[in-house]
Amino acid sequence: MSAFRDQDPRIHGIQTKIRVVPDFPREGIMFQDITTLLLDPKAFKDTIDLFVERYKGKNISVVAGIEARGFIFGPPIALAIGAKFVPLRKPKKLPGEVIKEEYVLEYGSDCLEMHVGAVSAGERALVVDDLIATGGTLRAAMNLLERAGAEVVECACVIELPDLKGRERLNGKPLYVLVESH
């Protein structure tokens, strides 16, 4: 599901604020730069508002944001819907006891970590990131939360690159996106 398909009038404003940078960080990549979206207070607020409108009243108790750009969008969504924010971090960034989920990327492997006890069994979680490409990072985030006993209700991203078929790696879990980029 996507707001893009629903033709919400705010989507065009959001989409026009996302800068596409060719050949970054390496040749052949069309980098979707959300920093230009953040520079426009109306577009940034519209982005948060669209997510809040979707998730308010859905009994979500955890908003889990994926490092680093999930940390930009996740906390304001969490505050607005009355949920806690749980950061899912890269290795060795969290003090104390953590649980880990390793995953394969198109160019290697990586790992997400979460504090032990950050999520309790039965909590309803939303996973937030800026973009879904191949889906590996979102899949790892879902695995991490589910291993801790949470029910992942949905994943939410500002941008989807549908040509990379990341949605298929989510094993049928709903994904809500605002903008598609081809």
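What comes next concerns the included structure. (Residues numbered from 1 in each chain as written. Predicted model: local features only at pLDDT ≥ 70, side-chain atom pairs only at ≥ 80, totals over all residues. Heavy atoms only, no water.)

Regarding the packing of helix H4 (residues 41-55) against helix H5 (residues 70-81)
Part 1 of the argument: Relative orientation of the contacting elements H4 and H5 amounts to 50°, with a least axis distance of 9 Å. Considering the angle they form, H4 stands oblique to H5. Crossing of H4 over H5 shows right-handed handedness. Residues Phe44, Thr47, Ile48, Phe51, Val52 and Tyr55 of H4 touch H5, and the partners they reach there are Ile72, Phe73, Pro76, Ile77, Ala80 and Ile81.
Part 2 of the argument: Split by residue class, the contact of H4 with H5 holds 11 nonpolar, 1 polar and no charged. (Axes fitted to C-alpha atoms, helices over the stretch in contact; angles between N-to-C directions. Helix = DSSP H or I, 4+ residues; strand = E, 2+ residues; numbered from the N terminus. Parallel < 35°, antiparallel > 145°, perpendicular 65-115°, else oblique. Left-handed = near helix turned anticlockwise from the far one by under 90°. Contact = heavy atoms within 4.5 Å. Nonpolar A, V, L, I, M, F, W, Y, C, P; charged D, E, K, R; others polar.)

Concerning the sheet that holds strand S3 (residues 62-66)
Paired through their backbone hydrogen bonds, the strands of a sheet run either parallel or antiparallel.
Part 1 of the argument: Overall, parallel pairing links the 5 strands, which are arranged S4-S3-S7-S8-S9 in an open sheet. Edge positions in the open sheet fall to strand S4 (84-88) and strand S9 (175-180), since each of these has one partner strand only. Averaged over all pairs of adjacent strands, the angle between strand axes in this sheet comes to 20°, irrespective of strand direction.
Part 2 of the argument: Strand direction decides the pairing type here: strand S7 (residues 124-132) and strand S8 (residues 151-160), joined by 8 bridges, are parallel. Each residue of the ladder has a partner; that of isoleucine 132, found in S8, is glutamate 160. (Pairing = 2+ DSSP bridges.)

Here's the deal with H4
Part 1 of the argument: With 15 residues, H4 extends 21 Å between its outermost C-alpha atoms, agreeing within 8% with the 21 Å of an ideal straight helix rising 1.5 Å per residue.
Part 2 of the argument: The set of residues buried in H4 consists of Ala43, Asp46, Thr47, Ile48, Leu50, Phe51, Val52, Arg54 and Tyr55.
Part 3 of the argument: Looking at the buried residues of H4, the elements they touch are helix H2 (9-16), helix H3 (35-38), H5, S7, S8 and S9.
Part 4 of the argument: Its side-chain oxygen at 3.1 Å from the backbone nitrogen of lysine 42, aspartate 40 defines the N-terminal cap of H4. (Expected span 1.5 Å × (residues − 1). Buried < 20%, exposed > 50% of the residue type's maximum accessible area, 1.4 Å probe, protein only. Polar contact = N/O pair within 3.5 Å; in protein donor to acceptor, adjacent residues only side chain to side chain.)

What to know about the packing of H2 against H4
Part 1 of the argument: Where H2 contacts H4, the two axes come as close as 9 Å, and the packing angle between them is 135°. The orientation of H2 with respect to H4, classified from their angle, is oblique. Regarding H2 and H4, the two cross each other, and that crossing is left-handed. For the pair H2 and H4, contact is made by Arg10, Ile11, Gly13 and Ile14 and by Ala43, Asp46, Thr47, Asp49, Leu50 and Glu53, respectively.
Part 2 of the argument: Of the residues that constitute the contact of H2 with H4, the class distribution is 4 nonpolar, 2 polar and 4 charged.

Here's the deal with the pattern of salt bridges
Part 1 of the argument: The full count for this structure, using the stated rule, is 17 salt bridges.
Part 2 of the argument: Close ionic contact of arginine 10 with aspartate 8 constitutes a salt bridge, the shortest N to O distance being 2.9 Å. Like aspartate 8, arginine 10 is buried.
Part 3 of the argument: Its salt-bridge partner being aspartate 33, residue arginine 19 comes within 2.4 Å of it at the nearest N-O pair. In this pair, arginine 19 is assigned in strand S1 (residues 19-22) and aspartate 33 in strand S2 (residues 30-33), connecting sequence segments 14 residues apart. (Salt bridge = Lys/Arg side-chain N within 4 Å of Asp/Glu carboxyl O.)

Brief notes about the side chain of arginine 139
Part 1 of the argument: Along the polypeptide, arginine 139 turns up in helix H6 (residues 136-147).
Part 2 of the argument: Here asparagine 143 takes part through its side chain, which lies 2.6 Å from a polar atom of the side chain of arginine 139.
Part 3 of the argument: Contacts of arginine 139, omitting those with residues within four sequence positions, involve Glu146, Arg169, Leu170 and Asn171.

Quick look at the packing of aromatic side chains
Part 1 of the argument: One pass over the full model with this rule turns up 5 aromatic pairs.
Part 2 of the argument: Considering the side-chain rings of phenylalanine 51 and tyrosine 176, the 6.2 Å spacing of their centres and the 75° angle between planes classify their relative orientation as edge-to-face. A residue pair is termed long-range when its members are at least 10 positions apart, and phenylalanine 51 in helix H4 and tyrosine 176 in strand S9 qualify at 125 residues.
Part 3 of the argument: What makes tyrosine 176 buried here is its relative accessible area of 6%.
Part 4 of the argument: Ring geometry for phenylalanine 71 versus phenylalanine 85: centroids 6.0 Å apart, planes at 90°, classification edge-to-face. Note that phenylalanine 71 is positioned in helix H5 and phenylalanine 85 in strand S4, a separation of 14 residues in sequence.
Part 5 of the argument: Phenylalanine 71 gets classed as partly exposed once you look at its relative accessible area, which sits at 25%.
Part 6 of the argument: The exposure class assigned to phenylalanine 85 is partly exposed, which follows from its relative accessible area of 26%. (Phe/Tyr/Trp six-rings, centres within 6.5 Å; stacked < 30°, edge-to-face > 60°.)

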